[in-house]
Amino acid sequence: MKSICFVVATPFTANAFLLEHVKQLSLLYEVTLCLNLSLYTLSEDFDVKKVRVINIAIQRKIHPIKDIVTLFALFIVFRKEKFDAIHTVSPKAGLLGMLAAFFSGTKNRIHTFTGQIWVTSNGLSKYFYKLIDKIICWLATNAFADSQSQIDFLISEGVCKKNVIQMLGSGSISGVNLERFIPDDEVRSEYRNLMGAHQNDINFLFVGRICRDKGINDLLAAYEKIQNQVKERNFLWIVGPDEENLTSLLRNKYPKLQKQITWCGPTNAPEKYMAAADILVLPSYREGFGNVVIEAAACKIPTIAYKTEGIIDAIEDKQTGLLANKYDIENLSLLMELLATNTNLRKKLGQNAYERVMTMFSSKVVTAAWISFYQKILADSN
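Residues numbered from 1 in each chain as written. Predicted model: local features only at pLDDT ≥ 70, side-chain atom pairs only at ≥ 80, totals over all residues. Heavy atoms only, no water.

S.K.: Teacher, can you tell me more about the overall build of the protein here?
M.R.: Helix and strand counts for the protein come out as 14 helices and 13 strands. The principal-axis extent of the C-alpha atoms belonging to the protein is close to 65 × 45 × 35 Å. Measuring between centres, the 44 positive side-chain charges of the protein sit 4 Å from its 38 negative side-chain charges. (Helix = DSSP H or I, 4+ residues; strand = E, 2+ residues; numbered from the N terminus. Lys, Arg positive; Asp, Glu negative; His and termini not counted. Charge placed at Lys NZ, Arg CZ, Asp CG, Glu CD.)

Structure representation (structure tokens):
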């Protein structure tokens, strides 16, 4: 049986993006996951009887000595297992995984780009991280991005050549499990009660890694601005792992908001919060696509986000959500106020977003595209 190895830095990435693909691919191939189990909890939905999991101490941030040790560990695994294909996701896993795959002689080396760190960097840092992406693209036999705008951006920046990088399906690395992410009145009522919110309150939601690049500082600044304008009771739920230890800092910076803000921490059930919320807000500075946007859309929740590559593929501005100018906190707050106070517009955008997801971004459609790709390249490997 042919074999595939996926390499990611953290189980958070595997849980969010690879679960459905791995489930289906494991029915056809021997599938292995290489990741750092100390960084997050791997979802119990991964069937370890069908999917082998190897703990590799991949660090998210640059650490020269540890990175060399990790590169050697990956090389040893790859040489021993002789995988037919190695597929990496995220910059650090991509660099180390593609280098190890190249030197171990793996024929099929695939990388998926899901956003670029260097977009928000400057000077030598920008050059360094951009060089990493160029090396990854050079080492990969196949490269993917999860949105057309990201592909255009990578080509225009000279990171990838037009004939090397492509997109599977309509975009999104994983699509949406439409049996899991659904409008659910029962869950909505249950979670609102759990969070101390009344049924008619306005609930803003952020789902993602709590870090500066996700615009968490901008979100709280914008949320503070709307308090004098929105008369309805409103709350902000922040769901996700705190990667930069920002929670305490932000609590101290916005003490008057803390009765309205709930720091929910990481979760394996984001669909529960989405079913209970009214508006998703994602002021991220960089995204490959913004899968959380279409997950919320499947729950009939519109999104307000910054206008960036990737996001502009996930949201049709003024049709399925609203786009603010990047870094423009005033613009962001005005859009938050608009959706909080205009029930008809909020519901219209949510319904439009729902219909678009049903048509274009089902996880079954995206997974089918992944399977078709692997069937082709692994058949060619015979």
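S.K.: Any chance you could explain the sheet that holds strand β1 (residues 3-7) here in plain terms?
M.R.: Note: strands within a sheet are paired through backbone hydrogen bonds, in either parallel or antiparallel orientation. Taken in spatial order, the seven strands line up as β3-β2-β1-β4-β5-β6-β7 in an open sheet, and their pairing is parallel. The open sheet has two free edges, formed respectively by β3 (51-55) and β7 (165-166), since each of these has just one partner strand. Looking at chain direction, strand β6 (residues 142-145) and β7 are connected through two bridges and run parallel. The residue of β7 that forms the bridge with Ala143 is Ile165. Lying on the sheet, helix α3 (residues 91-103) is in contact with β1, β4 (85-89) and β5 (108-113); it crosses β4 at an angle near 160°. In the packing of helix α14 (residues 363-379) onto the sheet, contacts are made with β1, β4, β5 and β6, and the angle to β5 comes to roughly 155°. (Pairing = 2+ DSSP bridges. Contact = heavy atoms within 4.5 Å. Axes fitted to C-alpha atoms, helices over the stretch in contact; angles between N-to-C directions.)

S.K.: Help me understand the nonpolar core, please; the structure alone is not making it clear to me.
M.R.: Soluble globular proteins tend to pack their nonpolar side chains together in the buried interior. By size, the foremost hydrophobic cluster in this structure holds 68 residues, and its most contacted members are Phe204, Leu205, Ile216, Leu220, Trp237, Ile238 and Met336. Apart from residues no more than four positions distant in its own chain, Ile216 is found in contact with Phe206, Ile210, Cys211, Ile238, Leu246 and Leu250. With 33 residues, the next largest nonpolar core counts Phe83, Leu96, Phe113 and Ala145 among its residues. (Core = buried A, V, L, I, M, F, W, Y, C linked by side-chain atoms within 4.5 Å. Buried < 20%, exposed > 50% of the residue type's maximum accessible area, 1.4 Å probe, protein only.)

S.K.: Any chance you could explain the state of the cysteines here in plain terms?
M.R.: Two cysteines form a disulfide when their sulfur atoms are joined by a covalent bond. Tallying each qualifying case throughout the model produces one disulfide. Note that Cys137 is cross-linked by a disulfide to Cys160, the S-S spacing being 2.0 Å. With the S-S dihedral at roughly 125°, the linkage between Cys137 and Cys160 falls on the right-handed side. Taken together, the residues span a long stretch of sequence, with Cys137 in helix α4 (residues 123-139) and Cys160 in the loop between α5 (148-156) and β7 at a distance of 23 residues. Its relative accessible area of 7% is what places Cys137 among the buried residues. In this model Cys211 remains outside any disulfide bridge; the closest cysteine sulfur is found in Cys264, 17 Å from its own. (Disulfide = S-S within 2.5 Å.)

S.K.: Please clarify how helix α10 (residues 291-298) should be interpreted in this entry.
M.R.: Owing to its 3.6 residues per turn, the α-helix brings residues three or four apart onto one side. Within α10, eight of the eight residues are buried, which leaves it mostly tucked inside the rest of the structure. Taken as a whole, α10 has its buried residues at Asn291, Val292, Val293, Ile294, Glu295, Ala296, Ala297 and Ala298.

S.K.: Looking at this model, I keep getting lost on the environment of Lys259. Mind explaining?
M.R.: Looking at where Lys259 falls in the secondary structure, it is placed in the loop between α8 (247-253) and β10 (261-265). Residue class for Lys259 comes out exposed when judged on its relative accessible area of 81%. Separated by 126 residues in sequence, Lys259 and Asp133 have C-alpha atoms that sit 42 Å apart.

S.K.: When you look at the pattern of salt bridges in this model, what are you seeing that I'm missing?
M.R.: For side chains of opposite charge, pairing can occur when their charged atoms come near one another. Taken as a whole and assessed by the stated rule, the structure comprises 16 salt bridges. Glu287 serves as the salt-bridge partner of Lys214, at 2.5 Å between the closest nitrogen and oxygen. On the criterion of sequence distance, the pair formed by Lys214 in the loop between β8 (202-207) and α7 (216-225) and Glu287 in the loop between β11 (279-282) and α10 is long-range, its members being 73 residues apart. (Salt bridge = Lys/Arg side-chain N within 4 Å of Asp/Glu carboxyl O.)

S.K.: What am I meant to see in the sheet that holds β8 here?
M.R.: Across the sheet, which stays open at both edges, the six strands sit in the order β10-β9-β8-β11-β12-β13 with parallel pairing between neighbours. The open sheet terminates on both sides in strands that have one partner only, identified here as β10 and β13 (321-324). On average, adjacent strands in this sheet sit at an angle of 20° to one another, irrespective of strand direction. Where β11 and strand β12 (residues 303-306) come together, three bridges link them in parallel fashion. Bridge pairing links Leu282 to Ala305 in β12.

S.K.: Looking at this structure, I do not really get a nonpolar patch on the surface. What am I missing?
M.R.: Side chains of Phe102, Phe103 and Trp138 sit close together on the surface and give an oily, nonpolar patch of about 400 Å² of accessible area. With respect to the helices, strands and loops of the structure, Phe102 is situated in helix α3. (Patch = residues over 30% accessible without salt bridge, like charges linked within 9 Å, V, L, I, M, F, W, Y side chains within 5 Å. Areas by Shrake-Rupley, 256 points an atom, 1.4 Å probe, with all protein chains shown as cover.)

Any functional reading would require information beyond the geometric quantities listed.
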